[in-house]
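Close look at the chain arrangement
What follows is each chain in one-letter form.
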Amino acid sequence: MTDSSPPDRGATDAPAADSAADVADVADLLATPYRTHTCGVLRAADSGTIVRVSGWVHRRRDHGQLIFLDLRDRYGITQVVIDRTGQPDAHAAASRVRSEFVVTVEGEVAARVPGTENPRLPTGAIELRATAVTVLSEAKTPPFYINDPDATIDEALRLRYRYLDIRREAMARRLLLRSRLVQAIREVHHAHGFVEVETPNLIKSTPEGARDFIVPSRLQPGSVYALPQSPQQLKQLLMVAGIDRYFQIARCFRDEDLRGDRQPEFTQLDLEMSFVDEDAVMAFVEKMVIEVCRVTTPDRPFQETPFPRFTFDEAMDRFGSDKPDLRFGMELVDLGPRLVDAAEVPSSGFRVFDETLAAGGRVKAIVAPGMAGATRKEIDELTERAKRFGAKGLAYLGLAEGGEIRSPIAKFLGDELTRGLIDATGAAEGDLILIVADTPAVTADVLGRLRVELGGRLGLADPDVLAFCWVNRFPMYQWDAENERWDATHNPFSGVLPEDEELLTTLDGDPAKPSPQDPAGRARALQYDIALNGWELGGGSIRIHRRDLLARSFTLQGQTEAGMKEKFGAVLEAFEYGPPPHGGIALGIDRWAALLSHQSNIREVMAFPKTQSGGDLMLDAPSTPEEGQLAELGLSFVGVRGRATPPPPAE
């Protein structure tokens, strides 16, 4: 792929590079037999210096007597000029060079001719006048343009040739940002007395909320290891061991359906602290997050510090989400008080509202600014979205310019009540009020999703702002009707608010006989999530460190004494040897890096991610094992229930 356009004399798009100061600081360390300097470090002050540089040919422009090469490495781009008159051998070598060839160039650094400088490149004031060009390796024509940052490339092709995709400026820059993020995380933790401890990847399978990936054992046939969904038990055991403050950049694995913020293998910042309460953990994590973001993306402003805190109930009531995006308003408004009479009897005149309120449901609304003029088709699309989210329907009131009200339900409500609802929402002329009437959970969830979708569609969220917040006081348990037991809402080791400890029981006092009406359903956990721009960035808790209380909680969750020892025996036994009060959190590195680099899919900040179906297109994984491998493990493939044949290879 050659570029025959006239030279600028320099490229217009630089690859990802560290700052000029960073590059200069390590320039001597990067010198090798193939280079004295990198492609991003030379400046006007280097004019007259004889240098050697190596890299990939980003662009080649042949103008007969002069050939221009834009030479690229991780650190930047340097323009090389080869003059046939003075350097015929170098010119002959450059004549056969094409894009993505790897070459070494020797020559003299010279200032560019006035008027031909490229201010968009850090090296744009100079060029390298070559005396020798050596081809180190040739390259086939790539399957996509590496030197075109605006090219539209099919994602499957990018994943198939990920090593080429990473050469592209945008992808390389995101990986460098991720590297700075992890480096900053480590530095802050070491500065605050944390010890970095690596935990094993071959562990015992335990209930963590998702399916485990399992690994058969050759030495113990019939037994399996599980890949860790998180180092939960191990980090708590480190607290029992007296480490006091632990952290790890941990690789974790979950066999679950994938989406934009999920991959089967992912990386998290995992940390645990001893002799702490909820406020102590949250205070450190907030300080750490602020320091890390300021180092990694100093140009991204925080919306608010200290980070605002919401209880779970408050977040759901105001935003319809336990990970609210605070960069815009559109908060949920409860219309119930306006729809009942003095005796608290539903009396709106609109049957859907009245029946919902009479059944204990909620009628709530959000205001979409400037959407009063939405067409019937647009309203129908919003209604279908609401139904897909779980609502039975979607009502609306449009406040057109001049005060005219557009709504099919206004005739049922009457003028006075309609105006009252408009006043309750704070809607202005030109706004559209969207109303959902359903159970409290469905109403909050549907409006919360519509809020996020419309906030993005209407451009209400500043893409540069970092809007962090905390959410805590989550319900301790949720009822599992199928298995007739209580399940932990976060993880089974989460502590309970001291004032709610007495609620960890059942109606008849026997934890082994739970029911949906148990006091345990009202217990609140010492759990806390940190959210960023509408994504859950991390979650943690103060743990139960008393063996008796942990056993009681496990019993409520359907665990027998034998089951507890089978699944959590190491922790239960360790808690008989003096466990300290402790708590921690895990933050998703992939999500954090994606949000800091303005991405909506964590694949964009992972070097070698999987597809939506869990496939690796580059390495063609997963693959069918050789028969000898299965035989050595004492295994054979007998098929999967519901499938007539083995699954097809990854796409």
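Cut-offs and rules
Residues numbered from 1 in each chain as written. Predicted model: local features only at pLDDT ≥ 70, side-chain atom pairs only at ≥ 80, totals over all residues. Heavy atoms only, no water. Helix = DSSP H or I, 4+ residues; strand = E, 2+ residues; numbered from the N terminus. Buried < 20%, exposed > 50% of the residue type's maximum accessible area, 1.4 Å probe, protein only. Contact = heavy atoms within 4.5 Å. Areas by Shrake-Rupley, 256 points an atom, 1.4 Å probe, with all protein chains shown as cover. Lys, Arg positive; Asp, Glu negative; His and termini not counted. Charge placed at Lys NZ, Arg CZ, Asp CG, Glu CD. Salt bridge = Lys/Arg side-chain N within 4 Å of Asp/Glu carboxyl O. Pairing = 2+ DSSP bridges. Axes fitted to C-alpha atoms, helices over the stretch in contact; angles between N-to-C directions. Expected span 1.5 Å × (residues − 1). Arc of directions from axis to C-beta. Core = buried A, V, L, I, M, F, W, Y, C linked by side-chain atoms within 4.5 Å. Polar contact = N/O pair within 3.5 Å; in protein donor to acceptor, adjacent residues only side chain to side chain. pLDDT = per-residue confidence, 0-100. Phe/Tyr/Trp six-rings, centres within 6.5 Å; stacked < 30°, edge-to-face > 60°. Lys NZ or Arg CZ within 6 Å of the ring centre and 35° of its normal.

Right, let's get into the overall build of the protein chain. Scanning the protein chain from N- to C-terminus turns up 17 helices and 22 strands. The burial tally for the protein chain puts 49% of its 651 residues in the buried class. Taking the intrachain contacts of the protein chain between residues at least 6 apart in sequence as the baseline, contacts between residues at least 24 apart amount to 70%. Here the protein chain has roughly 30600 Å² of accessible surface; of this, 51% comes from carbon and sulfur atoms. With 74 positive and 98 negative side-chain charges, the protein chain shows a spacing of 4 Å between the two charge centroids.

Following the criterion strictly, the structure yields 46 salt bridges and no others. In this structure, the salt-bridge partner of K610 is E265, at a minimum N-O distance of 2.5 Å. Highlighted residues: K610 in the loop between α16 (589-596) and α17 (627-633) and E265 in strand β10 (residues 265-274), separated in sequence by 345 residues. Note on K610: relative accessible area 13%, which makes it buried. Taken together, the shared-partner salt bridges connect R158, R162, D165, R168, R174 and E604 into one network.

Here we come to the pairing of strand β20 (residues 527-532). Along β20, 6 of the 6 residues are buried, which leaves the element largely enclosed by surrounding structure. Alternating residues of β20 divide into Q527, D529 and A531 and Y528, I530 and L532, and every residue in both groups is buried. The pairing of strand β17 (residues 468-472) with β20 spans 5 bridges and is antiparallel. Across the sheet, N472 pairs through a bridge with Y528, a residue of β20. Pairing of β20 with strand β21 (residues 535-542) involves 6 bridges; the strand directions are antiparallel. Across the sheet, the residue bridging to I530 is G538, located in β21. The turn joining β20 and β21, which pair antiparallel and follow one another in sequence, is formed by 2 residues; a positive phi near 50° is taken by N533.

In sheet architecture, strand pairing relies on hydrogen bonds along the backbone and comes in two forms, parallel and antiparallel. Spatially, β1-β2-β3-β5-β4 is the arrangement adopted by the 5 strands of the closed barrel, whose pairing is mixed. Direction aside, neighbouring strands of the sheet carry axes that sit 55° apart on average.

Here we take up helix α10 (residues 376-389). If you check α10, its first and last C-alpha atoms are 20 Å apart, about what 14 residues at 1.5 Å a residue would give, namely 20 Å. By the burial criterion, the buried members of α10 are I379, L382, T383, A386 and F389. Looking down the long axis of α10, one finds its buried residues gathered within 120° of arc, a one-sided arrangement. Of the residues in α10, the exposed ones pointing more than 90 degrees away from the buried face are K377 and R388. Tucked inside the fold, the buried residues of α10 contact β14 (395-399), β16 (432-438) and α13 (440-457). At the exit of α10 stands G390, carrying a positive phi of roughly 120°.

What follows covers the nonpolar core. Grouped together as the largest cluster of nonpolar side chains are 46 residues, with contacts concentrated most on V285, M288, V289, F468, L587 and W592. Per-element accounting of this core gives the leading share, 9 residues, to helix α7 (residues 278-296). The contacts of L587, once residues within four sequence positions are left out, are T267, Q268, L269, V285, M288, V289, I530, L537, G538 and W592. Counting 24 residues, the second-largest nonpolar core is a separate cluster that includes L42, V57, L71 and V109.

Here we take up the environment of D616. Secondary-structure assignment places D616 in the loop between α16 and α17. The exposure class of D616 is buried, given its relative accessible area of 8%. In this structure, the C-alpha to C-alpha distance between D616 and F68, residues 548 residues apart in sequence, is 38 Å. Apart from the residues lying within four places of it in its own chain, the contact partners of D616 are K610 and A621. In terms of polar contacts, D616 uses its side chain to reach the backbone amide nitrogen of M618, at 3.0 Å.

With that out of the way, let us pick up the confidence of the model for the protein chain. Averaged over all residues, the pLDDT of the protein chain equals 91, while 94% of them reach at least 70. Here residues 1-12 is modelled with pLDDT under 50, and outside its nearest four sequence neighbours on either side it reaches 45 contacts, counting other chains as well.

With the rule as written, the count across this model stands at 15 aromatic pairs. Aromatic side chains F310 and F319 sit 5.5 Å apart centroid to centroid with 75° between the ring planes, which places their arrangement in the edge-to-face category. Overall, F319 belongs to the buried group, its relative accessible area being 3%. Here the aromatic rings of W479 and W486 are separated by 5.0 Å at their centres, their planes lie at 70°, and the arrangement is edge-to-face. The lysine or arginine in question, R160, covers the ring of Y161, its NZ or CZ lying 4.7 Å from the ring centre. Here the guanidinium or amino end of R451 rests over the ring plane of F328, the centre of that ring lying 4.3 Å away.

Next up on the list: unusual backbone geometry. If a residue is not glycine, its phi is most likely negative; likewise, a peptide bond is most likely trans. For the bond running from T305 to P306, omega is -10°, close enough to zero to count as cis. Checked against the element boundaries, P306 lands in the loop between α7 and β11 (309-311). Omega for the peptide link from A621 to P622 comes to 0°, which places this bond in the cis form. Relative to the assigned elements, P622 resides in the loop between α16 and α17. Within the chain, R473 stands out as a residue other than glycine whose phi angle is a positive 60°. Tracing the sequence through the fold places R473 in the loop between β17 and β18 (477-480). According to the relative accessible area criterion, R473 is partly exposed, its value standing at 26%.

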